[in-house]
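Tertiary structure, described
In case you want the letters, here they are:
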Amino acid sequence: RNKTMAVRSMLDEMVGVGDAVLLEPLSEDNFLDNLQKRFQHDEIYTYIGNVVVSTNPYKTLPIYDAEMIEKYRGRNLYELPPHIYAVSDLAYRSMKNYGRDQCIMITGESGSGKTEASKLVMKYVAAMSSRSTEVETIKQQLLQSNPVLEAFGNARTNRNDNSSRFGKYMDIEFDFKGDPVGGLITNYLLEKSRVVRHGEGERNFHIFYQILCGASPTMLKKLKLENVENFSYIKQLDANPEDAKSFNEVLNAFDIIGFSRSEVDNVLMLVAAVLKLGNIRFKAISAKNGMDNCTITNMEEHPEVADICEMLSIKPHNLTSALTERTMTARKESVTCTLSANEASYNRDALCKEIYDRLFTWLVNRINSSIKVTTQTNKKCKVMGVLDIYGFEVFEQNGFEQFMINYCNEKLQQIFVELTLREEQEEYVKEGIEWLHIDYFNNAIICQLIESPRSGILSMLDEECLRPGDVTDATLLTKLETVCGKHEHFESRRDTRFLGDKTLPHNAFRIQHYAGKVTYVVENFIDKNNNSLFRNLSTAAFLSLHPLLGGAKGLFPEGDPLTTMLKRPPTSATQFKASMTALMKNLLMKNPNYIRCIKPNEVKRSSVFSSDLVRHQVRYLGLMENVRVRRAGYAFRQKYEDCITRYKMLSTKTWPSWHGPPKEGVKQILLKTKIDPEQYEYGKSKIFIRNPRTLFKLEEYRNAALHDIATTIQKTWRGYHHWKLFQIMRQAQIVISKTVKRHQNQQRYLKLKSATIVMQCFIRGWKSTFRLRNFYSGIRSTQSTFSLRNFYSGISQSTFSLRNFYSGIRSTQSTFSLRNFYSGIRSARCLLRAYKLHKLQCISVSIIAAHWKGYTTRREYRKFFRANAGKVIAKFMEKYVVYLYLTKTRDSLPSSSPIDKKWSSCKYQFLSSTHPILRDLFHKWRCMKYRKGLTPQRKTELSEKLHASNLFKGKKSLYPSSLVQKFVGDHVTLSSNQKWRKVGGGAIIIFADEGFKIHRNNGKFVSCYIVMTDNAVLLLEEKSLKQKCRVAVHDISGVSFSPYQDGMMILHCKPPAESKKHKGDLILNVAHSIELATKMSLLVEKSTNQKLSCIIEQNFMVDLKCKSPMSLQFNEPSARVVGGPTVKKNKHMFIVGLPVNGVSPSG
Ligand SMILES: Nc1ncnc2c1ncn2[C@@H]1O[C@H](COP(=O)(O)OP(=O)(O)OP(=O)(O)O)[C@@H](O)[C@H]1O
Ligand SMILES: [Mg+2]
């Protein structure tokens, strides 16, 4: 509660103002100063209402980590300093809580940070959703689409090192819980001309360099790129080590998205083929008929054409004729003519551009098929679209592409104007709210100039392309001048107003865009708009057997030679216009969120703020108009119904439900909150809140009220829960007390009863005593004394006889019963004996009967079988048992992993020798399968590991730790080092690592690169790569190691074959000594056919060309040696001290 009630605001510790709406006084200069001040304090985000203006910092700021994401989670826009996460959170919550589809439009010029912003939005949204395995997979697939599309669609331009050369719109779909369930990417207008040509200082698409730097030698061989020196489409020097890293990221991304291995191979094959196609040259030859002909120049000397045909699975004849000839069909007749060398080159470039462009679209579709929504709930999906599209472009010379890009920006500005400015004003009028009209520039008029169906530039372009007769770029310009010449935003040299304007060339027209004037040179407009590839090329591609390129489902379905093309393919302008219309329709259906990116300088520096450049962007993005409308208007509006639903808990009259008119309900709520009535206005159907902070206050009240409601609910529930518990306890208590009371009363009753009996007995005894006393007194009378004596004697006699009688009876009875008992036992024993006998008889009868039955059956069967039937049956039984054994063994076979030691037991003794043989056979079979499944690269790796095991296993204690390490070979990526290329002389690097050479005079460690090439071992200086020492492979006589866990290695050398001075052995220290020795042993064996001697001892001789013979002794590892090994030299020996904790490359 304390957290939510704390009054936080973006106004706290604000640099300049966080929301430009708060600027005082409002002017363009003030706006720029504010942006600059914030930029210099690394505050790159500034609001205009809920629009974020983002200034590219050109440096990594610590404001995007997980902690920051948590900080902005669920917070109101004005609660924390402006951030892209705040807008992302607003959009995400609006989608999740109110179910409104969102779109985030990121605009700005090239290099202003649109793509980075889009990635930040995706990162935030991904962090918001749950972390179940399924959601995590989808999130990863969505995020990993970025590296793939950036590799194929981004390139270095003079304005941005990672410029997106295509437009991208990505719909991310969410389920009702707000978890992403899939997505859909739409791409717009890839700058395909870059494939064949790019400006000075720029690069081609990243993927070309990534393949050349990052692909393994095997892959390069497969792509037939390993021995190619130069490519005419790219400069290899432009590549950098980052490309190799990025390539691995791209391969990883392919894997995560779900591309199969063969799909990736096919894609890379097409990219490599495009590179190689670019190297084809044409030479003019004169044909007999006097026509200009051409042929491929390097066909004989270079296998380029054959390579390309193999890579694209095209017949060589099909490719060469498609490149050098053109077939025209008219009225079912076709004529083939040959092309000049220039035309053929143009043809080749067209093919390359088209293959790459279509491959890119294929990639987008393939990613879409992986990320598309598959769950049943797709109807309930909510969508968040992220639009990252090229910004407004003005170059020295602007062509067809710039025209399209700027048209797209006009449309986006149109949406912005539509939604933010026009709708804002219209809504106030509609709602009957007093409103000061703000003038703004509506760029609809420019959109009309470009896209109007009858007189727009695009329709003129299409008309000209479809017109029969002589159509050129010049005729197009004439047509444009005639139709659009009078438009106030169209300028051309024909117009009298611009006759003397030398800045406007004769072959160009100029449009006054909302962002400024741009001059377009009409060169190639017709060609680029036609967008048609010569039929020969599309047919050659169609006939390819390459899985992506050829066939009806391939990249060139229109090339099918069996179908005749009646309809022309839609022009580029038509296609682009249609995709723009679809995009605009899509965006208009969603709730817009804006990120307006600004580029602070042209030099990509973090501290430079070029006011003129920013002023230009502020103007064409219409930011000042945006601020003005925000200031004059109301920051927030909401339908009365929605407002009641959200804030009904703030008044007792509206809580829990309000049945009156919604407007009255909202009035009740606002009255209760006691917010200043100046701060809001009642519209017809909506409440308008002037200041964002009022809304924030309302949210604060709501959070507090929700807290109270939660407390009430908790209170009530706890009360009920405890009442229930009390009822149960009360019932239990009643039962217990009832039982206890009953028990106590029973006890009391029993006591009373026994007391009563005692009293009764006592009273009766007393009474009888009384009577007896009377009786005795009577007896004592004379008359009765005699008879009484007789009586008593009679009694005693009779008592005696009675006792005798009873004892007689008792003894007679017991004798009798004893006898009965014994006779009973006897008869029971008899019965038991008889029963046992009977049972024995039964068993023996059944045995005899079985024997008898067996005997009679055997006799019966003997009639049917031959004399050797017994043997047959026995054999059959044996086979049957073997069959059972084999099937059981088959069903219980262990896994096909060679290291699986499991093997079932055998219960048949006669097969006990077969069982292990079968196990060995099976093991050999699965080993053979495993071996066959190994790639050649893996085989090499394993054979190296095997060799290392032969050399070191059980001998050197460093060996076990080397088992898990991969034998990388080039640990310092020396082969991609530019200097090495110069000094290496083309030698192939087998091993390279940082290490030390131990100085033979003083035992000091001198750091160097230890490099092994295919013919020598080299020690190079680390920075300059200067060669310090070279030992030819033929001169290596052996290597020696200590048995301990250290990287020390002695390289024994023979006197060199050439007459150079013999420098003796080398003492080296290298972290990957096992790998180096293994690779060296293999190399020596290969080149000299002799095994390399490998000594592993504690003490051995070294030849260091000293005065006296020297030995080298390794001391036991000791805790006294810290850091790494030490070498001390005395007169006759080197003593190596080793630390306890093993290898360390440092001296
Ligand atoms: N928020 C940021 N933090 C740090 N660096 C950034 C940020 N935004 C952009 N950059 C830097 O600016 C460079 C250009 O940004 P980005 O590629 O996003 O521009 P863009 O607007 O997409 O340009 P284009 O239209 O050419 O594609 C990035 O490579 C990055 O170095
Ligand atoms: Mg970009």
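These figures come from a predicted structure and were not determined experimentally. (Residues numbered from 1 in each chain as written. Chains lettered and ligands numbered in written order. Predicted model: local features only at pLDDT ≥ 70, side-chain atom pairs only at ≥ 80, totals over all residues. Heavy atoms only, no water.)

This part is about unusual backbone geometry. Backbone torsion omega between Trp 655 and Pro 656 reads 0°, so that peptide bond is classified as cis. The backbone phi angle of Lys 224 is positive, close to 55°, even though this residue is not glycine. Tracing the backbone shows Lys 224 in the loop between α8 (217-222) and α9 (241-257). Phi angles above zero are rare outside glycine, and Lys 604 is one such case at about 55°. Residue position: Lys 604 is located in the loop between β16 (591-598) and α21 (611-620). (Helix = DSSP H or I, 4+ residues; strand = E, 2+ residues; numbered from the N terminus.)

Around ligand 1 there are 17 residues in total, and Ser 110, Lys 114, Thr 115, Ser 163 and Ser 164 lie nearest to it. The separation between an oxygen atom of ligand 1 and a polar main-chain atom of Ser 112 is 3.3 Å. One of the backbone nitrogen or oxygen atoms of Ser 164 is found 2.7 Å away from an oxygen atom of ligand 1. Across the complex, the protein chains shield 86% of the 630 Å² of accessible surface that ligand 1 would expose by itself. When residues of the shell around ligand 1 are traced back to their parent elements, those giving at least two are α5 (114-128) and β5 (163-164). With three residues, α5 is the largest single contributor of residues to the shell around ligand 1. Taken together, the residues of the shell around ligand 1 break down into three nonpolar, 10 polar and four charged. (Near = heavy atom within 4 Å. Polar contact = N/O pair within 3.5 Å; in protein donor to acceptor, adjacent residues only side chain to side chain. Areas by Shrake-Rupley, 256 points an atom, 1.4 Å probe, with all protein chains shown as cover. Nonpolar A, V, L, I, M, F, W, Y, C, P; charged D, E, K, R; others polar.)

Our focus in this paragraph is α5. For α5, with 15 residues, the first-to-last C-alpha span of 21 Å sits near the 21 Å given by 1.5 Å per residue. In terms of residue burial, α5 counts as a mostly covered element, since 12 of its 15 residues are buried. (Expected span 1.5 Å × (residues − 1). Buried < 20%, exposed > 50% of the residue type's maximum accessible area, 1.4 Å probe, protein only.)

Overall, the coordinates contain 49 salt bridges when judged by the stated rule. Between Glu 191 and Arg 165 there is a salt bridge; the shortest N-O distance is 2.8 Å. Here Arg 165 lies in the loop between β5 and β6 (167-174) and Glu 191 lies in the loop between β7 (180-188) and α7 (206-214), a separation of 26 residues in the sequence. Judged by its relative accessible area of 7%, Arg 165 is buried. Glu 354 is the partner of Arg 358 in a salt bridge, and the nearest nitrogen-oxygen pair spans 3.2 Å. Placement of both Arg 358 and Glu 354 in helix α13 (residues 341-371) is noted, with a separation of four residues, approximately one turn of the helix. For Glu 354, a relative accessible area of 8% translates into the label buried. Among the ionic contacts, a cluster of salt bridges with common partners joins Arg 165, Glu 191, Arg 194, Glu 202 and Glu 393. (Salt bridge = Lys/Arg side-chain N within 4 Å of Asp/Glu carboxyl O.)

What follows deals with the pairing of strand β25 (residues 1048-1053). The element β25 is extensively covered by neighbouring structure, given that six of its six residues are classed as buried. Side chains Met 1048, Ile 1050 and His 1052 project from β25 onto one buried face, and the interleaved Met 1049, Leu 1051 and Cys 1053 project onto a second face that is buried too. The hairpin formed by strand β24 (residues 1036-1041) and β25 contains six residues between the paired strands. (Pairing = 2+ DSSP bridges.)

Right, let's get into the sheet that holds strand β27 (residues 1093-1096). The strand order across the open sheet built from eight strands is β23-β22-β21-β20-β26-β25-β24-β27, with neighbouring strands paired in mixed fashion. Looking at strand neighbours, the two that pair on one side only are β23 (1027-1032) and β27, the edges of this open sheet. Within the sheet, the average angular offset between the axes of one strand and its neighbour, ignoring direction, is 30°. Where strand β21 (residues 1005-1013) lies against strand β22 (residues 1016-1020), four bridges are found, and the strand directions are antiparallel. Looking across to β22, one finds that Met 1012 is bridged to Val 1017. Relative to β21, helix α32 (residues 1073-1088) is tilted by about 40°, and along the sheet it contacts β20 (989-998), β21, β22, β24, β25 and β26 (1066-1070). (Axes fitted to C-alpha atoms, helices over the stretch in contact; angles between N-to-C directions. Contact = heavy atoms within 4.5 Å.)

Our next topic: the sheet that holds strand β14 (residues 508-513). Read from one edge of the open sheet, three strands run β13-β14-β15, paired in antiparallel fashion. The open sheet has two free edges, formed respectively by β13 (490-492) and β15 (516-521), since each of these has just one partner strand. Averaged over all neighbouring strand pairs, the angle between strand axes comes to 25°, with direction disregarded. Looking at chain direction, β13 and β14 are connected through three bridges and run antiparallel. Counterpart to Glu 491 in the pairing with β14 is Arg 510. Here helix α15 (residues 444-451) sits on the sheet and contacts β13 and β14; the angle it forms with β14, its principal contact strand, is near 150°.

Octahedral metal centres with six donors ideally show angles of 90 or 180 degrees, and tetrahedral centres with four donors ideally show 109.5 degrees. Thr 115 (OG1) and Ser 164 (OG) make up the full set of protein donors to the magnesium ion (ligand 2), lying at 1.9 to 2.0 Å. Remark: Ser 164 occurs in strand β5 and Thr 115 occurs in helix α5; sequence separation between them is 49 residues. Side by side, Thr 115 and Ser 164 carry an identical accessibility label, which is buried. (Donors = N, O, S within 2.8 Å, 3.2 Å for Na, K, Ca; no water.)

Helix packing for two helices is described by the angle between their axes and how far apart those axes are. Look at α7 against α9: their axes get within 8 Å of each other, and the N-to-C directions meet at 100°. Judged on the interaxial angle alone, α9 and α7 are roughly perpendicular. Taken together, the residues of α9 that come into contact with α7 (itself represented by Ile 207, Tyr 209, Gln 210, Ile 211, Cys 213 and Gly 214) are Asp 243, Ala 244, Ser 246, Phe 247 and Val 250. Residues belonging to the contact of α7 with α9 are distributed by class as follows: seven nonpolar, three polar and one charged. (Parallel < 35°, antiparallel > 145°, perpendicular 65-115°, else oblique.)

Let's shift gears to helix α28 (residues 914-932). Side chains that are three or four residues apart share a direction in an α-helix, a result of its 3.6 residues per turn. An ideal rise of 1.5 Å per residue puts 27 Å on 19 residues; α28 measures up with 27 Å between its terminal C-alpha atoms. Along α28, the residues classified as buried are His 915, Phe 922, Arg 926 and Cys 927. Along the axis of α28, the buried residues cluster in a sector spanning 135°; they form a single face. Turned more than 90 degrees away from the buried face of α28 sit Ile 917, Leu 921, Lys 924 and Lys 932, all of them exposed. (Arc of directions from axis to C-beta.)

Turning our attention to the packing of aromatic side chains. Under the criterion given, the structure shown has 35 aromatic pairs. Measuring from centroid to centroid gives 5.3 Å for Phe 403 and Tyr 520, while their planes differ by 80°, and the two rings are edge-to-face. In this pair, Phe 403 sits in helix α14 (residues 400-430) while Tyr 520 sits in strand β15, placing the two residues 117 residues apart along the sequence. Summarising the aromatic geometry, the rings of Phe 876 and Tyr 880 are spaced 6.3 Å apart at their centres and angled 15° between planes, so their arrangement reads as stacked. Within this pair, Phe 876 and its partner Tyr 880 are both found in helix α27 (residues 869-891), separated by four residues, close to a single helical turn. According to the relative accessible area criterion, Phe 876 is exposed, its value standing at 52%. According to the relative accessible area criterion, Tyr 880 is partly exposed, its value standing at 39%. By way of ring pairs, the aromatic residues Phe 400, Phe 403, Phe 490, Phe 509, Tyr 520 and Phe 525 are connected into one cluster. (Phe/Tyr/Trp six-rings, centres within 6.5 Å; stacked < 30°, edge-to-face > 60°.)

Right, let's talk about a nonpolar patch on the surface for a bit. A contiguous nonpolar patch, built from Leu 772, Phe 775, Tyr 776, Phe 791, Tyr 792 and Ile 795 and spanning about 590 Å² of accessible area, is present on the exposed surface. The set of elements that each furnish at least two residues to the nonpolar patch consists of α25 (692-779) and α26 (782-864). Mapped onto the secondary structure, Tyr 776 falls in helix α25. Judged by relative accessible area, Tyr 776 falls into the partly exposed class, the value being 36%. (Patch = residues over 30% accessible without salt bridge, like charges linked within 9 Å, V, L, I, M, F, W, Y side chains within 5 Å.)

What follows is about the domain arrangement of the chain. Looking at the assigned domains, one finds that the chain contains domain 1 (7-115 + 590-633), domain 2 (401-531 + 542-563) and domain 3 (957-1099). The straight-line distance from the C-alpha centre of domain 1 to that of domain 3 is 57 Å. (Domains from an automatic or database assignment.)

So, on to the nonpolar core. Core analysis: the biggest nonpolar cluster contains 117 residues, and Ile 84, Tyr 85, Phe 152, Phe 208, Ile 211 and Leu 549 have the highest contact counts within it. It is α13 that provides the largest number of residues to this core, a total of 14 residues. Structurally, this core is a two-domain feature, drawing no fewer than three residues from each of domain 1 (7-115 + 590-633) and domain 2 (401-531 + 542-563). If we ignore the near neighbours within four places in the chain, the residues touching Phe 152 are Phe 205, Ile 207, Phe 254, Val 267, Val 271, Tyr 356, Phe 360 and Leu 363. In this structure, Leu 35, Phe 416, Tyr 520 and Phe 525 belong to the second largest nonpolar core, which totals 66 residues. (Core = buried A, V, L, I, M, F, W, Y, C linked by side-chain atoms within 4.5 Å.)

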